[in-house]
Amino acid sequence: MPAQVLIINPNTSASVSRLLHELALQQIGAEVAVRVQTARLGASYISDEVSYAIAGHALLDAYAFDRSQPGQRAPDAVLIGCFGDPGLLALRQLSEAPVLGLAEASMRAAHALGPYAVVTGGRAWVPMLERLAAQLALDDRLMAVQAVEKNGAQLAAQPQEAAQELADLCLQVLAGAPGLQTLLLGGAALGGLAAPVQDLLAQRGAPQVQVLDSVRSSLGALAAAARQHIAQRGALTTAASDRAVGVSGTSSLNLSTELTQLLGQPSAVNWQVLAH
């Protein structure tokens, strides 16, 4: 059977989930089975510190809901479909499979190519992403984080206008950052916009630079992580009793039935520990 990948949209916006599913099917659907879960609580689109904090809970709840479905195989890899990765470390503690964050995976891809900048939607994200890059030790090649006024959902609603606005901002970033090699469009709702932005920059005579979007640049890593997890499954099972990292025994109140049940299960294997 093909590897199973789970993409969790910590936003409550069904349109973002549809976009993530569509892009995943296009890029990796021939090699893995893809499913998407949408947050059952929280903001329609994460755009500030408050909605980001709530999204961490929503992520765990969506994962628990997915795991509670009868007859559904556990995922072989999980992707957090938000450029900011709310709840990443918590889900890694709960999940037996590798968990990738949209921001971490795509920023690592951009970082590997040389000096890079992040362009996104929603001004509140700028300090949040600067902080995340520092936490991930990916800020040494990060030359700028800039955002248009509109948030990702507003940009996704009018993709042609969004590409124009993002290209305008990219030109400003390029003007202020000589030597920049990669522009990373950050945001689940910005998935698929790299190509039109790249074309617009070329039409305007911009310096040669590679434009990536966070969704497409993360999907290949997701499929690879799923295949690696399957290959390592025997070793994971053998090592589980000695190297598992689970949840604390602290009781909780007013969580969903699915999340309460998941937290009551035996400790999950920490894939990150075993991978290193």
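This write-up is about the structure you can find in this document. As the structure is a computational prediction, the values presented were derived from the model and not from experiment. (Residues numbered from 1 in each chain as written. Predicted model: local features only at pLDDT ≥ 70, side-chain atom pairs only at ≥ 80, totals over all residues. Heavy atoms only, no water.)

1. Overview of the overall build of the protein
Inference 1: Assigned secondary structure in the protein consists of 11 helices and 8 strands.
Inference 2: A total of 276 residues make up the protein; the buried ones form 51% of that total.
Inference 3: Counted over contacts in the protein with a minimum sequence separation of 6, partners at least 24 positions apart contribute 74%. (Helix = DSSP H or I, 4+ residues; strand = E, 2+ residues; numbered from the N terminus. Buried < 20%, exposed > 50% of the residue type's maximum accessible area, 1.4 Å probe, protein only. Contact = heavy atoms within 4.5 Å.)

2. A closer look at the pairing of strand β6 (residues 142-148)
Inference 1: Extensive coverage of β6 is indicated by the burial of 5 of its 7 residues.
Inference 2: Relative to β6, strand β5 (residues 116-121) runs parallel, the two being bridged by 6 bridges. Residue pairing across strands places Ala 117 opposite Ala 144, the latter belonging to β6.
Inference 3: Regarding topology, helix α5 (residues 125-135) serves as the crossover connection from β5 to the parallel β6, and that connection is right-handed. (Pairing = 2+ DSSP bridges. Right-handed = clockwise from strand over helix to strand, strands pointing away.)

3. Quick notes on unusual backbone geometry
Inference 1: Phi at Asp 85 takes a positive value of approximately 55°, unusual for a residue other than glycine.
Inference 2: Tracing the sequence through the fold places Asp 85 in the loop between β3 (77-80) and α3 (88-94).
Inference 3: Asp 85 gets classed as buried once you look at its relative accessible area, which sits at 4%.

4. Observations concerning the sheet that holds strand β4 (residues 99-101)
Inference 1: Here we have 4 strands laid out as an open sheet, ordered β2-β1-β3-β4, and parallel in their pairing. With partners counted over all chains shown, the strands left at the sheet margins are β2 (32-38) and β4, one partner each. Shown here is a sheet whose adjacent strand axes are inclined to one another by a mean of 20°, direction ignored.
Inference 2: Alignment of strand β1 (residues 3-9) against β2, held across 7 bridges, turns out to be parallel. Counted as the bridge partner of Val 5 is Val 34 from β2.
Inference 3: Of the strands in this sheet, β1 and β2 are in contact with helix α1 (residues 14-28), which crosses β2 at around 170°.
Inference 4: Strands in contact with helix α4 (residues 102-112) are β3 and β4; relative to β4, the strand with the most contacts, it is inclined by about 70°. (Axes fitted to C-alpha atoms, helices over the stretch in contact; angles between N-to-C directions.)

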